[in-house]
Amino acid sequence: MIIDGLNSASIAQAADVIAAAGLVGLPTETVYGLAADAANEAAVAKIFTAKGRPSEHPLIVHVANSLSASRFASEIPDFAQKLMDAFWPGPLTLILPRRPEIASAAAGGQNSVGLRCPSHPVALALLKACAARGIHGLAAPSANQFGRVSPTTAAHVQGEFGDDLLILNGGACSVGIESTIVDCSRGVPVLLRPGVLTTTQIEFACGQNLTSNSLSKEELLRQSTRRLEPDLIPLEAAPRASGMLESHYAPKAKLRLMDAKALQTALDILGTDAKHIAVYSRQQMHSASTTLIFRRMPEDAGLAAQQLFATLRELDQPDIKLIWVETPPEDSAWDGVLDRVTRAAA
Ligand code: TXA
Ligand code: MG
């Protein structure tokens, strides 16, 4: 059931569900999450079951502020504190050493924990209402079935989990792709997942170089024809990886990345035979086919991120077998979008 997240009665209703060890569909500025009390093992187990996600795969714990972060993190290095000060509330997750007595199931048994303070007003309202009930962290992965495209509207979440789930409606997500993840548990900041924050912004905020543990752009593009381990960058950094080989952020149609020239050439060769194909590109393409579906990708990286998952869902219709996406520009602002489309192509 979708209820209005801006209504205080809805927030109270959702907080009661969380306090009763239930699940709630939660809007954040990045993507919608599937939330439960991070300190309640039985509640967290419901997330893994609902998503079909392996239980050793750690979840992000959402907190109302950096003070609540200390309830879960045993230690906050100076550079991590600077990152919190600069980007919280916002689309940044920090991996920190975990207090051993708390949120073990949410952390997938790791001795670290992923923490994020979201900026969405509905998420913050729920976190505060939960804190008033003695619950100081909400474990919430993206609210999609394991391996599928992340949801950016309440309707997407309902499509994934049905009408029994209580979903707070917070409108369409403004960021559109998942948070940037920086591992702060190894003495130096290490980028685990790119998002909309640029390397320059992160380095400026923490006064340290960011070690990129993610694959190089060339490597990402090379791998786009292969299958990647779900959600983890790079594969060897995967903490207790599930070992399941499954593409991530994947639509049902087959997604392929091509530069504008290759895309136009392919359309020219196919001519009127270009059927069951959708094209998502920044440049205008031409085709003799009358059935070709075309969507324009914004020139602005932030807008492209915001629209990416909703557009992939929209193009992923039963009669579409191929989605051809123009390769994003080689500009750090596009790293998050490049990462997600590469994974979707895997
Ligand atoms: O924007 C977001 O981060 C969204 C919204 C709902 O906040 N959440 C999200 O969660 O994307 P999820 O579960 O789909 O992705 C969480 C990622 C996974 O790749 C997981 O491996 C990593 O965070 N992660 C969480 N805790 C970790 C830990 N202790 N060590 C290493 N990686 C961790
Ligand atoms: Mg996810």
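Computed from a predicted model, the values in this text were never measured in an experiment.

Thresholds, definitions, all that
Residues numbered from 1 in each chain as written. Chains lettered and ligands numbered in written order. Predicted model: local features only at pLDDT ≥ 70, side-chain atom pairs only at ≥ 80, totals over all residues. Heavy atoms only, no water. Helix = DSSP H or I, 4+ residues; strand = E, 2+ residues; numbered from the N terminus. Buried < 20%, exposed > 50% of the residue type's maximum accessible area, 1.4 Å probe, protein only. Contact = heavy atoms within 4.5 Å. Areas by Shrake-Rupley, 256 points an atom, 1.4 Å probe, with all protein chains shown as cover. Core = buried A, V, L, I, M, F, W, Y, C linked by side-chain atoms within 4.5 Å. Axes fitted to C-alpha atoms, helices over the stretch in contact; angles between N-to-C directions. Parallel < 35°, antiparallel > 145°, perpendicular 65-115°, else oblique. Left-handed = near helix turned anticlockwise from the far one by under 90°. Nonpolar A, V, L, I, M, F, W, Y, C, P; charged D, E, K, R; others polar. Pairing = 2+ DSSP bridges. Near = heavy atom within 4 Å. Polar contact = N/O pair within 3.5 Å; in protein donor to acceptor, adjacent residues only side chain to side chain. Arc of directions from axis to C-beta.

**Comments concerning the overall build of the chain**
Okay, step 1: Along the backbone of the chain there are eleven helices and 15 strands.
Okay, step 2: For the chain, buried positions account for 57% of its 346 residues.
Okay, step 3: Relative to all contacts within the chain whose residues are 6 or more apart in sequence, the contacts with residues 24 or more apart total 65%.
Okay, step 4: On the chain, roughly 14,000 Å² of surface is accessible, and the fraction owed to carbon and sulfur atoms is 52%.

**Points about the nonpolar core**
Okay, step 1: In this structure, L83, L94, L115 and L126 are the most contacted members of the largest nonpolar core, which totals 68 residues.
Okay, step 2: The biggest single contributor to this core is helix α5 (residues 121-132), with seven residues.

**Concerning the packing of helix α10 (residues 301-315) against helix α11 (residues 335-345)**
Two numbers describe a pair of packed helices, the interaxial angle and the distance between the axes.
Okay, step 1: At a minimum axis distance of 9 Å, the contact between α10 and α11 shows a crossing angle of 30°. Judged on the interaxial angle alone, α11 and α10 are roughly parallel. Relative to α11, α10 is oriented so that their crossing is left-handed. Across the interface between the two elements, A301, A304, A305, L308 and F309 of α10 pack against V337, R340 and V341 of α11.
Okay, step 2: Each residue belonging to the contact of α10 with α11 can be placed in one class, and the counts come to seven nonpolar, no polar and one charged.

**Points about the sheet that holds strand β10 (residues 190-193)**
Okay, step 1: Reading across the sheet, the eleven strands line up as β1-β8-β2-β3-β7-β4-β6-β5-β9-β10-β11 and stay open at both edges, with mixed pairing between neighbours. Edge positions in the open sheet fall to β1 (2-4) and β11 (211-212), since each of these has one partner strand only.
Okay, step 2: On the sheet, helix α1 (residues 8-19) packs against β1, β2 (24-26), β3 (33-37), β7 (138-139) and β8 (166-169) and is oriented at approximately 145° with respect to β8.

**Here's the deal with the site of ligand 1**
Okay, step 1: Around ligand 1 sit 24 residues, and of these T30, R53, H62, S179 and R193 come closest.
Okay, step 2: Interatomic distance of 2.5 Å between a side-chain N/O atom of S179 and an oxygen atom of ligand 1.
Okay, step 3: One of the side-chain N or O atoms of R193 is found 2.9 Å from an oxygen atom in ligand 1.
Okay, step 4: Coverage of ligand 1 by the protein chains reaches 97% of its 670 Å² of free accessible surface.
Okay, step 5: When contributions to the shell around ligand 1 are tallied by element, the ones reaching two or more residues are β4 (60-62) and β6 (112-116).
Okay, step 6: If you tally residues by element for the shell around ligand 1, the top one is β6, at four residues.
Okay, step 7: Tallied by class, the residues present in the shell around ligand 1 amount to eleven nonpolar, eight polar and five charged.

**Details of the side chain of T311**
Okay, step 1: As for its placement among the helices and strands, T311 is situated in helix α10.
Okay, step 2: We classify T311 as buried; its relative accessible area is 9%.
Okay, step 3: Beyond its immediate stretch of four places on either side in the chain, T311 contacts Y280 and R295.

**Quick look at helix α9 (residues 260-270)**
Okay, step 1: Those residues of α9 lying buried are A260, L263, Q264, A266 and L267. All buried residues of α9 lie within an arc of 160° about the axis, which places them on one face of the element. Residues of α9 that are exposed and point over 90 degrees away from its buried face: K261, D268 and I269.
Okay, step 2: Contacts from the buried residues of α9 go to β12 (254-258), β13 (277-281) and β15 (322-326).

**Some words on the pairing of β13**
Okay, step 1: For β13, the buried fraction is high: five of the five residues fall into the buried class.
Okay, step 2: In the sheet, β13 pairs with β15 via four bridges, with the strands oriented parallel. The partner of V279 across the bridge, within β15, is W324.
Okay, step 3: Note: β13 against strand β14 (residues 293-296), four bridges, orientation parallel.

Purely geometric stuff here, so don't read any function into it on its own.
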